[in-house]
Amino acid sequence: MAPEPILLDRPPLPSTPPPLDWLTLADAFEAACLLRCTPPPATAGARRPVPHLRPAAVEFNREEAAQRFRQLLGRLDVPIEHEVTVGGLRRRYELHRLSVPPAHRPAYARMLEVGWRQGRRELLGGPFPGASMARRVWRPRLAAAAWRAALLAGGRHVRRHILGVRLADRELAAVLVRGAALLDVPALLRPGTGCFMVCVADGPDRERILHSAALEAARATEPA
């Protein structure tokens, strides 16, 4: 008679990482949003790139976005190398390339993946009956972090009557729409050619988004 299988014969179940504390979550979620604003690399054999599959290096064409990404990873204890290249002839431009050393890439990828999933769930999963005071305080901060990332690294689209952001990532676009609602601002999602546009109206709505997403507002809630 064949011996009965014992528990050690069974493959281990995948472990669920513990939730991040609110301060760590805010940093990891904003960094993940910045990453999702960058053009995803094409993958071999795939018709469309997969937004969440990213290399350990990312490029920004705006210094403010690169510096913010570097600051966030520094607070998450992820070392990063920052290179700047200058191109163009008549119109000069800077390209900021940030890369994580190989030894730290697994922790970096895990932190940003957990931050994105937890932050996305907080913004899209409400309402939360009987939510704690911490959750009521931090959910709008997460919404502001998503908008800050999009305004720094996304394709900003400013017209007389709207403030818009062009994104290739549909999930991030949905997060921005829900985040705007948490900031008491109505937002519209408009599909475009190869992208999505999230728009808010000019006037008080635009000013509220810009005020909430300003770096100065973020620094007021960050540790010294």
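Description of the structure in this document.

Reading the values: rules and limits
Residues numbered from 1 in each chain as written. Predicted model: local features only at pLDDT ≥ 70, side-chain atom pairs only at ≥ 80, totals over all residues. Heavy atoms only, no water. Helix = DSSP H or I, 4+ residues; strand = E, 2+ residues; numbered from the N terminus. Buried < 20%, exposed > 50% of the residue type's maximum accessible area, 1.4 Å probe, protein only. Contact = heavy atoms within 4.5 Å. Pairing = 2+ DSSP bridges. Salt bridge = Lys/Arg side-chain N within 4 Å of Asp/Glu carboxyl O. Expected span 1.5 Å × (residues − 1). Arc of directions from axis to C-beta.

1. Some remarks on unusual backbone geometry
- In this model, aspartate 77 sits at a positive phi of 60°, which is unusual for a non-glycine residue.
- Mapped onto the elements, aspartate 77 comes out in the loop between helix H2 (63–75) and strand E2 (81–87).
- Judged by its relative accessible area of 66%, aspartate 77 is exposed.
- Within the chain, aspartate 184 stands out as a residue other than glycine whose phi angle is a positive 65°.
- Mapped onto the elements of the fold, aspartate 184 is located in the loop between helix H5 (170–182) and strand E6 (188–191).

2. Some remarks on the environment of glycine 164
- With respect to the secondary-structure elements, glycine 164 resides in strand E5 (residues 162–167).
- Given the relative accessible area of 0%, glycine 164 is considered buried.
- It is 9.3 Å that separates the C-alpha atoms of glycine 164 and alanine 187, two residues lying 23 residues apart in sequence.
- If we ignore the near neighbours within four places in the chain, the residues touching glycine 164 are Gly155, Arg156, His157, Met197, Val198 and Cys199.

3. As for the environment of alanine 28
- In this structure, alanine 28 sits in helix H1 (residues 22–37).
- Alanine 28 gets classed as buried once you look at its relative accessible area, which sits at 0%.
- If we skip the residues at most four places from it in the chain, alanine 28 touches Leu20, Leu76, Met111, Leu112 and Gly115.

4. Quick word on the pairing of strand E7 (residues 196–201)
- Across the six residues that make up E7, a large majority, five, are buried.
- Relative to E7, E5 runs antiparallel, the two being bridged by six bridges. Looking at the pairing, leucine 163 lines up with valine 200 of E7.
- The pairing of E6 with E7 spans four bridges and is antiparallel. Within E7, the residue paired with proline 191 across the bridge is phenylalanine 196.
- Linking two consecutive strands that pair antiparallel, namely E6 and E7, is a turn of four residues; a positive phi of about 75° is found at glycine 194 within it.

5. With respect to the pattern of salt bridges
- Taken as a whole and assessed by the stated rule, the structure comprises 11 salt bridges.
- Of the charged contacts in the structure, one is a salt bridge between aspartate 27 and arginine 75, with a shortest N-O distance of 2.6 Å. One end of the pair, aspartate 27, is in helix H1; the other, arginine 75, is in helix H2, with 48 residues separating them in the sequence.
- Classification of aspartate 27 by relative accessible area gives buried; the value is 8%.
- The closest approach of N and O atoms between glutamate 171 and arginine 120, which form a salt bridge, is 3.0 Å.

6. Here we look at H2
- Taking 1.5 Å as the rise per residue, H2 with 13 residues should run 18 Å; its terminal C-alpha atoms sit 18 Å apart, in good agreement.
- Residues Ala65, Ala66, Arg68, Phe69, Leu72 and Leu73 constitute the buried set of H2. Buried residues of H2, viewed axially, fall in a sector of 165°; they line one side.
- Downstream of H2 by a residue or two, aspartate 77 has a phi angle that is positive, lying close to 60°.

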